[in-house]
Amino acid sequence: MLRARSVAASTVGGSNSDHAATHWPWMAVFGPSTTVVRPSRRAASSPTRVLPVPGGRTTHAWREPFAHAASSAARASTCCRRSVPGHPVAAYALPESTAARVRTPAGPPGSVRRMTPTVPPDRPVRWGIVATGGIAATMARDLGDVDDAVRHAVASRDRLRAQAFAEEHGFARAYGAYEELLADPDVDVVYVATPHRQHHAVALAAIEAGKPILVEKAFTVTVAGAADVLDLARECGVFAMEAMWTRFLPIVSRIRELVAGGAVGEVRSLSADLGFVREMERWDRLWDKDQGGGAVLDLGVYPISFAQMILGDPVRVQVTGTIGPTGVETGAGLLLDHASGARAMIDCSMVTPLAGRVSITGTGGRIDIPPRFHHPARALLVREGAEPEELRAEGELATVGHGFAHQVREVQRCLRAGLLESPVMPRADTLSVMRTMESALRGLGVEHSEDPDVLLRT
Ligand SMILES: NC(=O)c1ccc[n+]([C@@H]2O[C@H](COP(=O)([O-])OP(=O)(O)OC[C@H]3O[C@@H](n4cnc5c(N)ncnc54)[C@H](OP(=O)(O)O)[C@@H]3O)[C@@H](O)[C@H]2O)c1
């Protein structure tokens, strides 16, 4: 069996190691600098890039990726006018409400604009799912927990697979090509459930077809790809949201309120980990770079997004990690510094069963979320000088089904209210999380590219 063998370390700058060595034991093991552990074969042929850091600080890889604006603008001019060769639905006419929205000028970055609602209040929302893998099935089941959600259509690269999925989960229509679903005028919103590397092309095509989108995490595999999608959505007046379902769970909303209300004082530190053991199979999307594999995009996205939700954007990212035999990172540790002085310590792995805990510590106490924090059953609020208080995911804080119903309700609320983004998972937060992940991946020497051809293969 192939393994990550010898260690070749390279430095990407770094400071604040004293804190890390005290509070974050692996930092002490690996030393104060950002360290990459990789198979010797890779190290010999492609040395890890040392990223330029002004003033000796760790890199921020997110300044340059925004050179996509021109292509995005060009795409916007074809918004909702996409033709689909070979499909009669190519002549799909814009609903008047969509056409009106497309003509509306874009708002400033970060604005949650209010447009003509895409779904009237008096009828259910008809969902279309793109892809028929594991998470598509989970979503299909959870749609049943939302009263006014309709399982309308599913698309697969394989018509028989789509038909089997539709039959099993009660979808009215099944398509053997993703674009057929995007051209269905009765689809109100599209859930993109392909592997991450295939999100970008599907999401762009959906927006061009005028469809609101809920895109699985990781939103894309590059910052530029995420910005492409979010810019086009804004320019076309189409709702877009990352399916970071954790943020919509009632108990997580309550934790967020507690922190914002000062329950633990000023937050100074957050630690979060998530991992499991996934046996290596080259076809498995976690191990396969062509499907956007690796621990950071699949698992790290949860603790990174959680930290972003509590602390906002980091000003510095330090990383250490291990590259596996298929060229993707099998695990990574991130140290995120924030302008406020707060720090987040993140650990993720696909070869180690990390518990999945979060601890948010402030000047007046802390909130501990026992495993698994991304769909918690409970949390403990420990205020200085007071008895611990337990929150349970019960009653009004209960999680419905697997937990996806809450994000589905939010999407539907936004569509009915004519919002282009959700204030709970806004585009700025998605971009921030993508920047942190891309910065970490670059530090590890892992570069991804979006798959432009996924629609050609359907
Ligand atoms: N929110 C969560 O809790 C959660 C959990 C797991 C995964 N996810 C996310 O959901 C997405 C899908 O994950 P999954 O576990 O459902 O993956 P999966 O089981 O491997 O299914 C992915 C599906 O995507 C389609 N696909 C399109 N292009 C493909 C390609 N080049 N290679 C392989 N499949 C391709 C296939 O459907 P067709 O053959 O029908 O076209 C495939 O069944 C990922 O972005 C992942 O991060 C989220």
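These numbers come from a predicted model, not from an experiment.

1. Side note on the packing of helix α9 (residues 199-208) against helix α10 (residues 223-236)
Part 1: Where α9 contacts α10, the axes come no closer than 10 Å and their chain directions differ by 5°. Taken together, α9 and α10 sit at an angle that is classed as roughly parallel. Here His200, Ala203, Leu204 and Ile207 of α9 lie close against α10, whose contacting residues are Gly225, Asp228, Val229, Leu232, Ala233 and Cys236.
Part 2: Looking at the contact of α9 with α10 residue by residue, the class counts come to 7 nonpolar, 2 polar and 1 charged.

2. What to know about the packing of helix α12 (residues 295-311) against helix α14 (residues 427-443)
Part 1: Look at α12 against α14: their axes get within 10 Å of each other, and the N-to-C directions meet at 125°. Between α12 and α14, the crossing angle belongs to the class labelled oblique. Relative to α14, α12 is oriented so that their crossing is right-handed. Residues Val296, Leu297, Gly300, Val301, Ile304, Ser305 and Gln308 of α12 lie in contact with α14, whose contacting residues are Asp429, Ser432, Val433, Thr436, Met437, Ala440 and Leu441.
Part 2: For the contact of α12 with α14, the class distribution of residues is 8 nonpolar, 5 polar and 1 charged.

3. Comments concerning unusual backbone geometry
Part 1: Look at the link from Lys217 to Ala218: it is a cis peptide, with omega at -15°.
Part 2: Of note, Ala218 is situated in the loop between β6 (213-215) and α10.
Part 3: With an omega of -10°, the peptide bond between Pro371 and Arg372 qualifies as cis.
Part 4: Relative to the helices and strands, Arg372 resides in the loop between β13 (365-369) and β14 (378-383).
Part 5: Its identity is not glycine, yet Ala131 carries a phi of approximately 95°, on the positive side.
Part 6: Relative to the assigned elements, Ala131 resides in the loop between β2 (125-130) and α6 (134-143).
Part 7: Taking the C-beta count within 10 Å as the criterion, Ala131 has 25 such neighbours and is therefore assigned buried.

4. Overview of the pairing of strand β12 (residues 358-362)
Residues in a regular strand point their side chains to alternate faces of the sheet.
Part 1: Side chains Val358, Ile360 and Gly362 project from β12 onto a buried face, and the interleaved Ser359 and Thr361 project onto a face without burial.
Part 2: Pairing of strand β8 (residues 267-275) with β12, which is carried by 5 bridges, proceeds in the antiparallel orientation. Following the sheet pairing, Ser269 is matched in β12 by Thr361.
Part 3: Pairing of β12 with β13 involves 5 bridges; the strand directions are antiparallel. Across the sheet, residue Thr361 finds its bridge partner in β13, namely Arg366.

5. Points about the site of the ligand
Part 1: Close contacts around the ligand come from 23 residues, with Ala131, Thr132, Gly133, Ile135 and Ser156 the closest.
Part 2: With 3 residues, α6 is the largest single contributor of residues to the shell around the ligand.
Part 3: Looking at the shell around the ligand residue by residue, the classes come out as 8 nonpolar, 8 polar and 7 charged.
Part 4: Two domains each put at least three residues into the shell around the ligand: domain 1 (17-42 + 250-398) and domain 2 (113-246 + 400-458).

Rules used throughout
Residues numbered from 1 in each chain as written. Predicted model: local features only at pLDDT ≥ 70, side-chain atom pairs only at ≥ 80, totals over all residues. Axes fitted to C-alpha atoms, helices over the stretch in contact; angles between N-to-C directions. Helix = DSSP H or I, 4+ residues; strand = E, 2+ residues; numbered from the N terminus. Parallel < 35°, antiparallel > 145°, perpendicular 65-115°, else oblique. Contact = placed C-beta atoms within 7 Å. Nonpolar A, V, L, I, M, F, W, Y, C, P; charged D, E, K, R; others polar. Left-handed = near helix turned anticlockwise from the far one by under 90°. Buried ≥ 20, exposed ≤ 12 C-beta atoms within 10 Å, placed from the backbone. Pairing = 2+ DSSP bridges. Near = placed C-beta within 6 Å. Domains from an automatic or database assignment.

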